[in-house]
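One-letter residues, chain by chain:
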Amino acid sequence: MENVLLLSVFGVLALYYYSSMSVYKSMYRKIKEEKEMIDDFNNIRLKEIKRLEKSFNDALETIKDSDVSLTKARDEVQRIKLQNNDLKHRNDLLQQRVDELYSSVGMI
């Protein structure tokens, strides 16, 4: 009788152990799957971040190049405006001289 009681207790403990073990295995598999999903998600996000950083750096380089080009163009426009103003001033002086010469020829 004692052996039967001892065997039934061991049987119940064995059933409890195997049922708990299957629950823990299932939980371990789920946790492992979730960890893999999170790792995949993180890898995708890291790739996306790297792509966006590269795109941002390219855009920044383009802006810097555009700034240099615009600065050169602005300097060239300012130089041409100064040259144009100088030519207008010289043209006015020459026009005054021509008018003076015409008036002096008219007096002769």
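Above this text sits the structure in question.
Numbering of residues begins from 1 in every chain and follows the order in which that chain's sequence is written. Only residues with pLDDT of at least 70 get local features here, since the model is predicted, and only at 80 or more are side-chain atom pairs given and counted; chain-wide, interface and lining totals rely on the full set of residues. Computation of side-chain values: all heavy atoms of the structure, hydrogens and water removed.

Some words on the overall build of the chain
The helix count covers DSSP runs of H or I at least four residues long, the strand count covers runs of E at least two residues long, and both are numbered beginning at the N terminus. When helices and strands are tallied, the chain shows one helix and zero strands. In terms of C-alpha radius of gyration, the chain reaches 46 Å, well past the compact-globule figure of 13 Å for 108 residues. Overall size of the chain, expressed as C-alpha extent along the three principal axes, is 155 × 10 × 10 Å. Three exposure classes are used, based on accessible area relative to the maximum for each residue type with a 1.4 Å probe and protein chains only: buried under 20%, partly exposed in between, and exposed over 50%. Burial statistics for the chain: of 108 residues in total, 1% are counted as buried. Residue burial considers only the protein chains on display, and all accessible areas are found by Shrake-Rupley using a 1.4 Å probe. Surface accessibility of the chain: about 10600 Å² in total, with carbon and sulfur atoms responsible for 63%. Computed over 18 positive and 18 negative side-chain charges, the inter-centroid distance for the chain is 3 Å. Note on method: radius of gyration uses C-alpha positions; expected globular size equals 2.2 Å times residues raised to 0.38. Here the positive residues are Lys and Arg and the negative ones are Asp and Glu; neither His nor the chain ends is included. Positions of charges follow a simple convention, taking NZ of Lys, CZ of Arg, CG of Asp or CD of Glu.

Some details on the pattern of salt bridges
A side chain of one charge can pair with a side chain of the opposite charge if their charged atoms are brought near each other. Whenever Lys or Arg places a side-chain nitrogen within 4 Å of a carboxyl oxygen from Asp or Glu, that contact is recorded as a salt bridge. A full pass over the atoms with the stated rule returns six salt bridges. Among the salt bridges present, the one from Glu48 reaches Arg45, with a minimum N-O distance of 2.9 Å. Here Glu48 pairs with Arg45, and both are found in helix α1 (residues 2-107), just three residues apart, close to one helical turn. Measuring nitrogen to oxygen at the nearest pair gives 3.5 Å for the salt bridge that ties Arg97 to Glu100. Taken together, the residues Arg97 and Glu100, both in helix α1 and three residues apart, mark about one turn of the helix.

Looking at the environment of Met27
Of note, Met27 is situated in helix α1. Looking at Met27, the relative accessible area reads 42%, which means it is partly exposed. Separated by 55 residues in sequence, Met27 and Leu82 have C-alpha atoms that sit 81 Å apart.

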